[in-house]
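Summary of the model geometry
What follows is the residue order along each chain.
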Amino acid sequence: MGMVSVSSKRPLVERLREELSKRFIGNEEVISILLLNLLHRKSTTLIRAPRGTGKSTLMLLVLKGLFGDEFVVISGASEVKRGEVVGRLHIPSLEKKGREKVLWAKFVRAQGKGIDEVNRLNPYTTANIHHLMQFGEVWAYGQKYTVEDYTLIANENPGDVTTFIQPPPFYDRFDIALYLSSLTVSQKFALQELNNDYGYDLIKSMPRVMEPGDLAEIRREVEETGVEPGLIGFINTLVRDFQVCVRGKEHSSVPLPVLCEGCHFTRFVCSRVKEPPSERATLILLQLVKAKKWLEGKVEEKDVIEMAKWVLIHRTGFLNPEKPLKEISELLERERERMFERESRKQWFILNELYNGFSPGLYRTAKEIAAEDNVFAEELFSLEEKWVREGRISREETLKVGLGLE
Amino acid sequence: MESRSFRKFLEEKSTNIKVERQGQRISWDEEVKRDKYSFTGFLEFAYSNKTSGDYIYLDRSTAFDILDRINWMERRIKSLMLRLRILLLLLIVSLAAAAWGWLA
């Protein structure tokens, strides 16, 4: 936990929160994380919800609040042409000068970008947007356009019968995926009152709360916010728990749960993760932690667990994918306990001591801990390699041999 | 490759740990919460529905018992898996034979 000085731009984000809360009923939990995710460069958010739960409304409210009317929304439900998403040829230049001049689409140039029903985009458009999100550029007619900082908000109803199945790496480019729930009875009443108050046009009533340079300044300040090594370690360990597999799941063709048969670590998170999250999860979590620290002055480990839900849910292939929200919540609850156990075991202290110098007694304790923690075991494996090379221990003594992994 | 920030993380995690150092030996106290049900024996842990303490201790003979049971269960799982595979194979063969007979 650490404190930072208060930025003069903080009230702008608070104002955005207020204006959103005045117009968006229910799902308060997602508003907080959505706001945090807007505070870093090239922010991308995916909103997933059933029909009529307000995913398009939320997307438009945020874009309007940040960019006024200067944002562009394309829709996967309608026929999107290349010229509308990437660019088209300037015909007079071609006819008069024989030169291929590209008129880059507003969607590419705008800082505020929205995609309605992203799961219905055709593969060609998806590929272009994917390239934009990955490399920060688009190509048309052999010419390249490098995009500046942007905010992209997309939405989809995963239950819709779609024309195309978007590839998982495309979804991985979204920093967070938010799930909205339908409204309770009292919330429906509140929404009806709101609609009356705002003349049934919530979007039009949303004011622009930031000037063009404000968001860039906020993002610069957030980028420069420092995070304590302990918290960075917490993020890295958390993500590693979702990635690690002592049996090499990443490069194995044996599916889960067959691969886990007889494994020592079957009760851990790893046994319920089919496809581990990408390294982007760590980067995004770090950005969110910086944003929270910038906005609220402090951030704690429990906040990281809360944030991780929205960062990992669309990046992780679960063994039980039927109810992703329930699954991720359960796994993160396990993580909360596991992190507590790690503290109680003083394992990082022991590892630090072993890094400082080999000690047979601490090595024995470390081996016992490693039998309870596969992430710690990995770190011990690499130290063991060093000790074997130095002749301090024999190969037969190592934990890897003890666990039957070598 | 050893990372500097990883070492920094380990050092930060070590700063508030109180230990006693005597030469190469390091020791520390473990806080054990004591209340009405804070038993630490394995058998009580296994058969009681009351809350146990944070740590459960095993004597060597109980540990051997558990190991025996785990080994027995693993052998049993292996043999059941083998039987399952044989039954599956038989099912496939008989389905194939039935289909062949129906086609012929």
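Residues numbered from 1 in each chain as written. Chains lettered and ligands numbered in written order. Predicted model: local features only at pLDDT ≥ 70, side-chain atom pairs only at ≥ 80, totals over all residues. Heavy atoms only, no water.

Scanning chain B from terminus to terminus reveals 3 helices and 2 strands. Moving toward the C terminus, one meets the helices and strands of chain B in the order α-β-β-α-α. For 104 residues, the compact-globule formula gives about 13 Å, and the C-alpha radius of gyration of chain B, at 28 Å, lies well above that figure. For chain B, the spread of C-alpha atoms along the principal axes amounts to about 85 × 45 × 25 Å. Per-residue burial over chain B gives 11% buried out of 104 residues. Put simply, 5% of the contacts in chain B that link residues at least 6 apart link residues at least 24 apart. Within the structure as shown, chain B displays about 9800 Å² of accessible surface, and the carbon and sulfur contribution to it stands at 59%. With 18 positive and 14 negative side-chain charges, chain B shows a spacing of 7 Å between the two charge centroids. (Helix = DSSP H or I, 4+ residues; strand = E, 2+ residues; numbered from the N terminus. Rg over C-alpha atoms; globule rule 2.2 N^0.38 Å. Buried < 20%, exposed > 50% of the residue type's maximum accessible area, 1.4 Å probe, protein only. Contact = heavy atoms within 4.5 Å. Areas by Shrake-Rupley, 256 points an atom, 1.4 Å probe, with all protein chains shown as cover. Lys, Arg positive; Asp, Glu negative; His and termini not counted. Charge placed at Lys NZ, Arg CZ, Asp CG, Glu CD.)

This next bit is on the confidence of the model for chain B. Considering every residue of chain B, the mean pLDDT works out to 85; 91% of them sit at 70 or more. Across chain B, element-level confidence peaks in helix H3 (residues 60-103) of chain B with a mean pLDDT of 92 and bottoms out in helix H2 (residues 42-47) of chain B with 80. (pLDDT = per-residue confidence, 0-100.)

Per-residue confidence for chain A gives a mean pLDDT of 91, with 98% of residues at or over 70. When pLDDT is averaged over each element of chain A, helix H13 (residues 280-296) of chain A comes out on top at 97 and helix H4 (residues 82-85) of chain A at the bottom at 81.

Turning next to the packing of aromatic side chains. Residues and elements named next belong to chain A. This structure, assessed with the given rule, holds 13 aromatic pairs over all chains. Seen in terms of ring centroids, Phe-358 and Tyr-363 are 5.8 Å apart; in terms of plane orientation they differ by 50°. Their pairing is tilted. Judged by its relative accessible area of 3%, Tyr-363 is buried. For the cation-ring pair, Arg-48 lies above Tyr-171, with the distance from its terminal atom to the ring centre recorded as 4.9 Å. Seen from the ring of Phe-381, Lys-400 lies directly overhead, with NZ or CZ sitting 5.2 Å from the centre. (Phe/Tyr/Trp six-rings, centres within 6.5 Å; stacked < 30°, edge-to-face > 60°. Lys NZ or Arg CZ within 6 Å of the ring centre and 35° of its normal.)

Once that is clear, we can look at the sheet that holds strand E9 (residues 176-179) of chain A. Paired through their backbone hydrogen bonds, the strands of a sheet run either parallel or antiparallel. Residue and element names in this part refer to chain A. Sheet architecture is open: 5 strands sit in the order E2-E5-E8-E1-E9, paired in parallel fashion. With one partner strand each, in any of the chains shown, strand E2 (71-75) and E9 form the two edges of the open sheet. Strand-to-strand, the axes of this sheet are offset by a mean angle of 15°, without reference to chain direction. Here 5 bridges tie E2 to strand E5 (residues 112-116), and the two strands are oriented parallel to one another. Within E5, the residue paired with Ile-74 across the bridge is Ile-115. (Pairing = 2+ DSSP bridges. Axes fitted to C-alpha atoms, helices over the stretch in contact; angles between N-to-C directions.)

Right, let's talk about the nonpolar core for a bit. For soluble globular proteins, nonpolar side chains are generally found buried alongside one another. Residues and elements named next belong to chain A. Grouped together as the largest cluster of nonpolar side chains are 92 residues, with contacts concentrated most on Leu-58, Ile-115, Ile-129, Leu-152 and Leu-285. In terms of residue count, the dominant contributor to this core is H13 (8 residues). The contact partners of Leu-58, leaving out residues within four places of it in the chain, are Phe-24, Val-30, Ile-31, Leu-34, Ile-47 and Leu-180. (Core = buried A, V, L, I, M, F, W, Y, C linked by side-chain atoms within 4.5 Å.)

Below, the discussion takes up unusual backbone geometry. All names here are of chain A. That bond from Leu-256 to Pro-257 is cis: its omega, 0°, falls within 30 degrees of zero. Within the secondary structure, Pro-257 is located in the loop between helix H12 (229-243) and strand E10 (273-275). Here the phi dihedral of Lys-42 falls at roughly 50°; this positive angle occurs in a residue that is not glycine. Tracing the chain through its elements places Lys-42 in the loop between helix H2 (28-37) and strand E1 (43-48).

All right, on to the environment of A:Ile203 then. Residue and element names in this part refer to chain A. Along the polypeptide, Ile-203 turns up in helix H10 (residues 202-205). Spatially, the C-alpha atoms of Ile-203 and Glu-333 are 37 Å apart, while their sequence positions differ by 130 residues. Beyond its immediate chain neighbours, meaning those up to four positions away, Ile-203 contacts Thr-57, Leu-60, Leu-61 and Lys-64.

What follows concerns the pattern of salt bridges. Residues and elements named next belong to chain A. Across all of its chains, the model carries 39 salt bridges over all chains by this definition. Glu-223 is the salt-bridge partner of Lys-290, the closest N and O atoms lying 3.6 Å from each other. Here Lys-290, found in helix H13, pairs with Glu-223, found in helix H11 (residues 212-223); they are 67 residues apart in sequence, far enough to count as distant. The closest approach of N and O atoms between Glu-228 and Lys-293, which form a salt bridge, is 3.0 Å. Note that Glu-228 is positioned in the loop between H11 and H12 and Lys-293 in helix H13, a separation of 65 residues in sequence. One salt-bridge network, in which partners are shared between bridges, spans Asp-241, Glu-335, Arg-338, Glu-341, Arg-342, Arg-345 and Asp-373. (Salt bridge = Lys/Arg side-chain N within 4 Å of Asp/Glu carboxyl O.)

Residue and element names in this part refer to chain A. Here helix H7 (residues 123-135) is 13 residues long and its end C-alpha atoms lie 18 Å apart, about the 18 Å a rise of 1.5 Å per residue gives. For H7, every residue scored as buried is listed here: Thr-125, Thr-126, Asn-128, Ile-129, His-130, Leu-132 and Met-133. Gly-136, located one to two residues past H7, shows a positive phi value of around 70°. (Expected span 1.5 Å × (residues − 1).)

All names here are of chain A. Taken domain by domain, chain A comprises domain 1 (10-220) and domain 2 (229-402). Computed from C-alpha atoms alone, the centre-to-centre distance between domain 1 and domain 2 is 34 Å. Listed per partner, the contact involves 22 residues of domain 1 and 21 residues of domain 2. For the domain 1 and domain 2 pair, buried surface summed over both sides reaches about 2000 Å², with 64% attributable to carbon and sulfur atoms. Linking domain 1 with domain 2 are 3 salt bridges. Residue Asp-172 pairs with Arg-280 through a salt bridge whose shortest N-O separation is 2.6 Å. For the pair domain 1 and domain 2, the number of links is 9 residue pairs in polar contact (both at pLDDT 80 or more). (Domains from an automatic or database assignment. Buried area = accessible area lost by both parts, 1.4 Å probe. Polar contact = N/O pair within 3.5 Å; in protein donor to acceptor, adjacent residues only side chain to side chain.)

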